[in-house]
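# Summary of structural features
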Amino acid sequence: GESVGLHLPTLSVQEGDNSIINCAYSNSASDYFIWYKQESGKGPQFIIDIRSNMDKRQGQRVTVLLNKTVKHLSLQIAATQPGDSAVYFCAEPPGGATNKLIFGTGTLLAVQP
Amino acid sequence: KAGVTQTPRYLIKTRGQQVTLSCSPISGHRSVSWYQQTPGQGLQFLFEYFSETQRNKGNFPGRFSGRQFSNSRSEMNVSTLELGDSALYLCASSLAGSNWETQYFGPGTRLLVL
C-alpha cells in the first residue's frame, strides 16, 4: 500500500551540530524518495532525492541514506544552521503518469543558537 | 522567473459556504497538483490537472473539485464547507514529465472555516 512516515514530530539541535531526520516506508517496491523542506509560510521545497539503486546520495551539507532492508531512509544535515529550521518531509511518487506525491508526516527541526 | 502564485493567501469562511482557490503555475508548466495540509493529516493529495484534464484524484469527497484552464491556471472549489476543511491548501506546478526537482510549490492559501 501507500505509506511513508513514522517521523519523530520534533528534533531540537544546537547550531553547528549535525541533524538526522528519519523516515520509514512500508512498500518494499518503493524505488524513489524525495526529501522536502517547508519553512514557515512557504510551500515545500525540494532538497534531495534518492533512487533505490543507491544507498547514499550527497548534496550540499545534506546526505540521504537509504536502507532497503529495514525500509528506512534518513536525511543528515551537516553543521546545522538557524536557516535550517523548518519541517522536513520524506515523500514518494506512487508511480505512473502522475505528479502525485505521498508525503510522510514531517519532522520539525528546531535549531537552537 | 516568477514562482507559483496562489490567491487569496488567507480566507475565512463559515460552515456551509463554498470557496474557490486559484493557482497560477510557473510559465510553461502544464501540470498543477493540489494538496491539503493539516496538523492532523499532514500533506494529502487532492488532485492533479494536466492540459486541462484531471489526471489523478485523491481520496476526498465530491465537495472538492477542480479545473484547469487553457493557460494552465487552476482553480479548486470546496462546496458546503465543514470545520474540518480548515487547512493550508497548496498547489504545485510541474513540467509535463515527472521531474521532481522542477516541481515547485506555491505558498498556499490558508482557509479557516468558522
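Every residue gets a number counted from 1 within its own chain, in the order that chain's sequence is written. Chains carry letters from A onward and ligands carry numbers from 1 onward, assigned in written order. Confidence filtering applies because this is a predicted model: local features only for residues at pLDDT of at least 70, side-chain atom pairs given and counted only at 80 or more, and all residues used for totals across whole chains, interfaces and linings. Only hydrogens and water are set aside when side-chain values are computed; all heavy atoms of the structure are taken into account.

From N to C terminus, chain A includes zero helices and eleven strands. Only the C-alpha atoms count toward the radius of gyration. The rule for a globule is 2.2 Å times the residue count to the power 0.38. Taken over the C-alpha trace, chain A has a radius of gyration of 14 Å; the compact-globule value for 113 residues is 13 Å, and the two agree within 12%. Across its three principal axes, chain A shows a C-alpha extent of roughly 45 × 30 × 25 Å. Taking as baseline every contact in chain A between residues at least 6 positions apart, the subset at least 24 positions apart corresponds to 54%. Per-residue and other accessible areas were derived by the Shrake-Rupley procedure at a 1.4 Å probe size, with only the shown protein chains allowed to occlude residues. As displayed, chain A offers around 5,500 Å² of accessible surface, 48% of which is attributable to carbon and sulfur atoms. Between the mean site of the 9 positive side-chain charges and the mean site of the 9 negative ones, chain A shows a separation of 4 Å. A helix here means a DSSP run of H or I that spans at least four residues, while a strand means a run of E at least two residues long, and both kinds are numbered starting from the N terminus. Working rule for contacts: check all heavy atoms of both residues, and any pair within 4.5 Å makes them a contact. We score Asp and Glu as negative and Lys and Arg as positive, and we do not count His or the chain ends. Think of each charge as sitting on NZ of Lys, CZ of Arg, CG of Asp or CD of Glu.

Counting residues at the interface gives 17 residues for chain A and 23 residues for chain B. Of the roughly 1,600 Å² buried between chain A and chain B on both sides combined, carbon and sulfur atoms contribute 55%. When the area that chain A buries against chain B is broken down by residue, the three leading residues are Asn-99, Lys-100 and Phe-103 of chain A, summing to 35%. The term salt bridge refers to a pairing of a side-chain nitrogen on Lys or Arg with a carboxyl oxygen on Asp or Glu at a separation within 4 Å. The tally of links from chain A across to chain B stands at zero salt bridges. Contacts described as polar in this section are N or O atom pairs within 3.5 Å, which, within protein, must combine one atom able to donate a hydrogen with one able to accept it, while residues neighboring in sequence count only if both atoms come from side chains. Where chain A packs against chain B, one counts six residue pairs in polar contact (both at pLDDT 80 or more). Among the elements that make up the side of chain A that touches chain B, the one with the highest residue count is strand β4 (residues 32-38) of chain A (four residues). In terms of residue class, the side of chain A that touches chain B is made up of ten nonpolar, five polar and two charged. Here's the idea: put two parts together, see how much 1.4 Å probe accessible area each one loses, and the total over both is what we call buried area. In this classification, Asp, Glu, Lys and Arg are treated as charged, Ala, Val, Leu, Ile, Met, Phe, Trp, Tyr, Cys and Pro as nonpolar, and every other residue, Gly included, as polar.

All names here are of chain A. Its place among the elements puts Ala-79 in the loop between β8 (72-77) and β9 (86-92). Taking C-alpha positions, Ala-79 is 19 Å from Lys-56, a pair spaced 23 residues apart along the chain. Non-local contacts of Ala-79, meaning those with residues more than four positions away in its chain, are made with Gly-16, Asp-17, Asn-18, Arg-61 and Asp-84.

Before going further, it helps to examine the sheet that holds strand β8 (residues 74-78) of chain B. Residue and element names in this part refer to chain B. Ordered in space as β1-β3-β8-β7, the four strands form an open sheet in which the pairing is antiparallel. Taken across any chain shown, the strands that pair with only one partner, and hence form the sheet edges, are β1 (5-7) and β7 (64-68). The mean inter-strand angle of the sheet, taken between neighbouring strand axes irrespective of direction, is 15°. Pairing of β1 with strand β3 (residues 19-24), which is carried by three bridges, proceeds in the antiparallel orientation. The partner of Gln-6 across the bridge, within β3, is Cys-23. Two strands qualify as a pair provided that DSSP identifies no fewer than 2 bridges between them. A fitted line through C-alpha atoms represents every axis, and for helices the fit uses only the stretch in contact; the resulting angles, taken between N-to-C directions, go from 0 to 180 degrees.

Residues and elements named next belong to chain B. Note on terminology: disulfide denotes any pair of cysteine sulfur atoms within 2.5 Å. In this structure the tally under the stated criterion is two disulfides over all chains. Covalently, Cys-23 is tied to Cys-91 through a disulfide, its sulfur atoms 1.9 Å apart. Judged by the torsion about the S-S bond (70°), the Cys-23/Cys-91 disulfide is right-handed. Note that Cys-23 is positioned in strand β3 and Cys-91 in strand β9 (residues 87-94), a separation of 68 residues in sequence. Each member of the pair Cys-23 and Cys-91 is classed as buried. Only protein chains enter the accessibility calculation, which uses a 1.4 Å probe; a residue whose area is less than 20% of its type maximum is buried, one above 50% is exposed, and one in between is partly exposed.

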